Amino acid sequence: MLISKMAAEGGGKEMNEIKTQFTTREGVYKLLTHSEYSRPNRVPFNSQGSNPVKVSFVNVNDQSGNGDRICFNVGRELYFYIYKGVRKAADLSKPIDKRIYKGTQPTCHDFNHLTATAESVSLLVGFSAGQVQLIDPIKKETSKLFNEERLIDKSRVTCVKWVPGSESLFLVAHSSGSMYLYNVEHACGAAAPHYQLLKQGEGYAVHTCKSKSARNPLLRWTVGEGALHEFAFSPDGKFLACASQDGFLRVFNFDAVELHGTMKSYFGGLLCACWSPDGRYIVAGGEDDLVTVWSFSDCRVIARGHGHKSWVSVVAFDHYTTSVEESEPAEFSGSDEDFQEQGQGQGQGQGQAGRERANSTQSRLSKRNSTDSRPVSVTYRFGSVGQDTQLCLWDLTEDILFPHLPLSRTRTHTNVMNATTSPGANGNPVAGTGAGTGVVVGAGTGVAPGNSLPTPLPRSNSLPHSAPAAAVVGANSKAGGGGGVVVDGAVATGVGKFATLSLHDRKERHHEKDHKRNHSMGHISSKSSDRLNLLAKGKTDPAKTLGTALCPRMEDVPLLEPLICKKIAHERLTVLIFLEDCIVTACQEGFICTWARPGKVGLLSSQNQANSPSGTVV
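Cut-offs applied
- Residues numbered from 1 in each chain as written.
- Predicted model: local features only at pLDDT ≥ 70, side-chain atom pairs only at ≥ 80, totals over all residues.
- Heavy atoms only, no water.
- Buried < 20%, exposed > 50% of the residue type's maximum accessible area, 1.4 Å probe, protein only.
- Helix = DSSP H or I, 4+ residues; strand = E, 2+ residues; numbered from the N terminus.
- Pairing = 2+ DSSP bridges.
- Contact = heavy atoms within 4.5 Å.
- Lys, Arg positive; Asp, Glu negative; His and termini not counted.
- Salt bridge = Lys/Arg side-chain N within 4 Å of Asp/Glu carboxyl O.
- Axes fitted to C-alpha atoms, helices over the stretch in contact; angles between N-to-C directions.
- Phe/Tyr/Trp six-rings, centres within 6.5 Å; stacked < 30°, edge-to-face > 60°.

A. The pairing of strand β17 (residues 228-233), seen in detail. In terms of burial, β17 is a largely internal element, five of the six residues being buried. Pairing geometry for β17 and strand β18 (residues 239-244), over five bridges, is antiparallel. The residue bridging Glu230 from the neighbouring strand is Ala243, located in β18. What sits between the antiparallel neighbours β17 and β18 is a turn of five residues, in which Gly237 has the positive phi angle 80°.

B. Main features of unusual backbone geometry. Following Asn216, the chain continues to Pro217 via a peptide bond in cis, the omega torsion being -5°. Mapped onto the fold, Pro217 is located in the loop between β15 (204-210) and β16 (219-223). The backbone of Asn147 shows a phi angle near 60°, a positive value even though the residue is not glycine. Looking at the secondary structure, you find Asn147 in the loop between β10 (141-146) and β11 (157-162). For Asn147, a relative accessible area of 2% puts it in the buried group. Despite not being glycine, Asp289 has its phi angle at roughly 65°, a positive value. Along the chain, the position of Asp289 falls in the loop between β22 (281-286) and β23 (290-295).

C. Structural view of the environment of Leu124. With respect to the helices and strands, Leu124 occurs in strand β8 (residues 123-127). The exposure class assigned to Leu124 is buried, which follows from its relative accessible area of 0%. Ignoring any residue separated from it by four or fewer positions in sequence, one finds Leu124 in contact with Cys108, His109, Asp110, Val132, Gln133, Leu134, Val160, Trp162 and Phe170.

D. Spotlight on the side chain of Asp289. Despite being buried, Asp289 has no salt bridge partner; Lys309 is the closest side chain of opposite charge, sitting 9.7 Å away. Excluding residues that lie within four positions of it along the chain, Asp289 makes contacts with Gly305, His308, Lys309, Ser310, Trp311 and Val312.

E. Region of interest: the sheet that holds strand β2 (residues 27-31). The strand order across the open sheet formed by five strands is β1-β2-β35-β34-β33, and the pairing between neighbours is antiparallel. What marks the edges here is a single partner per strand, and that holds for β1 (21-24) and β33 (573-578). Averaged over all neighbouring strand pairs, the angle between strand axes comes to 20°, with direction disregarded. Sheet topology note: the β2/strand β35 (residues 592-596) ladder contains two bridges and is antiparallel. Bridging across to β35, Leu31 finds its partner in Trp595.

F. Looking closely at the pattern of salt bridges. Evaluated as defined, the whole model comprises 14 salt bridges. The partner of Arg87 in a salt bridge is Asp581, with the nearest N and O atoms 3.8 Å apart. With a gap of 494 residues between them, Arg87 in the loop between β5 (77-82) and β6 (97-100) and Asp581 in the loop between β33 and β34 (582-587) connect regions that are remote in the sequence. Overall, Asp581 belongs to the buried group, its relative accessible area being 9%.

G. Region of the structure containing the environment of Ala316. Tracing the backbone shows Ala316 in strand β25 (residues 312-317). With a relative accessible area of 12%, Ala316 lands in the buried category. Taking the C-alpha atoms as reference points, Ala316 and Val575, 259 residues apart in sequence, are found 9.5 Å from one another. Contacts of Ala316, omitting those with residues within four sequence positions, involve Cys274, Phe382, Gly383, Leu576 and Phe578.

H. Region of interest: the packing of aromatic side chains. Per the counting criterion, the structure on display carries 25 aromatic pairs. Ring centres 5.6 Å apart and planes at 45° place the aromatic pair Phe22 and Trp595 in the tilted group. In this pair, Phe22 sits in strand β1 while Trp595 sits in strand β35, placing the two residues 573 residues apart along the sequence. Among the residues examined, Trp595 registers a relative accessible area of 1% and is labelled buried. An aromatic cluster of three or more residues is present, and its members are Tyr37, Phe57, Phe72, Tyr79, Tyr81 and Tyr83.

Don't take any of this as a statement about function, it's just geometry.
Have a look at this one:
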């Protein structure tokens, strides 16, 4: 019975086989088993009831040329190692720092890249009981503990990040649905904070902390209903995307404390979100098993991707494979050669060359739609991992992003399995080429907003097709920018008197010193139970959002299929990070894996290559 059932599902052994390599247009990605990080004894961790394994990277710019450092948590343990990537095998016997916590578990962490040196790094660690610790794993020091008495928030820390460009400000999200802005130089009070409402809108409220002297938290954000799972700053640091258990993606102007736009999941909570390198698009994933692409400038869903069989836990853009080409008018880029060059880079040229290429890509992305004379052709690459133990890679191509832009030539494909030719659709993205393994759900014909005639919606991996010329994208497209920029100290009107902080005491230069302000307002009592009353009264009924701009139906937007969709772990995946010469993934068993990009395996020593398995060809 078991055999027949598995055969009926089209599987058997092949179906549950863990892949150790996979092929895309740009070449073969290979798992480097000797570059795997884990607990020193490599014993799998019992993941039941534990917080997700997370990974953080920082480069300390030391003179050895190997300045990458990795931090990861497994259960009650926190490790800090030199990260050798594809160059050398991992040495798990020599962690720079190892910590074991009692009574609470680390849940997330983040390095301050602005202040990192070979002698010192600032690492924030959030915990399951609600505290946040500031440590220096190089000096093996613990400098400060925030929310120590849990007077600010008693719930689990779900996300912690340094405010971009700041040496002292950081933001913390909790499963209570609240976010708090801290300054590392301020202490937390001996009593529960008192708040005063600063601003509120649909589904959110922001309060300042009332105190006679400077103290944490500086601001409290109450966002949506249920847990706030993740937030992500835009590349320019001005906007903040929040993924909540109520299924909403909310994007705020962080400095002005204003809501920019929202999106609703197809069903269930949103668990993760990330920005494209140019800040024009946000991809979110969650309990609807989908990846959803949202346009920042248009504030609307432009595509969905179906390939996962369970919740999507992480989404991330690949800055190094995103393809940008300044072309002749109406010329479409994206041939195999283009991607080969983008994916492999300069062969042995590491670090600096890759970072320069990523920066160059981002600067060219920012030109998109800024000129009509020499259009820039773009293919965004992003990835996703989920509780189904699968890694999916996706391409967001021109026929989805700009469906009305005429193309002078069709795109070259390496793999055209399942590829179908169809006209561009109303709104936006579809994944590019490759053998798609995803299932098209609810494929049908939709009517483009503003169009009188229904147009067939493209599937992922569809070949670009010329379409009638029309307006390309919103003329006022904001490349992750735009909106009210608040100068030093002003968070909306009158925030200066609350001494919330200068949000732009973010560092433009290292030698500048933080500008401190003192709180001068008296205490105003506020009960924690007032939270719901302070949210906008007009709550959005999830059942009424389906079929609206907040949550279009499946047949109303293009549907992406993944370029690849491979099972790469035994346990649910919790990490996906794109680096210059590799992809890093991690699963809940506590194994952090390095996947060498095409052409990068040769960087390993010959001894490591001799010991590493050939892998399964897929």
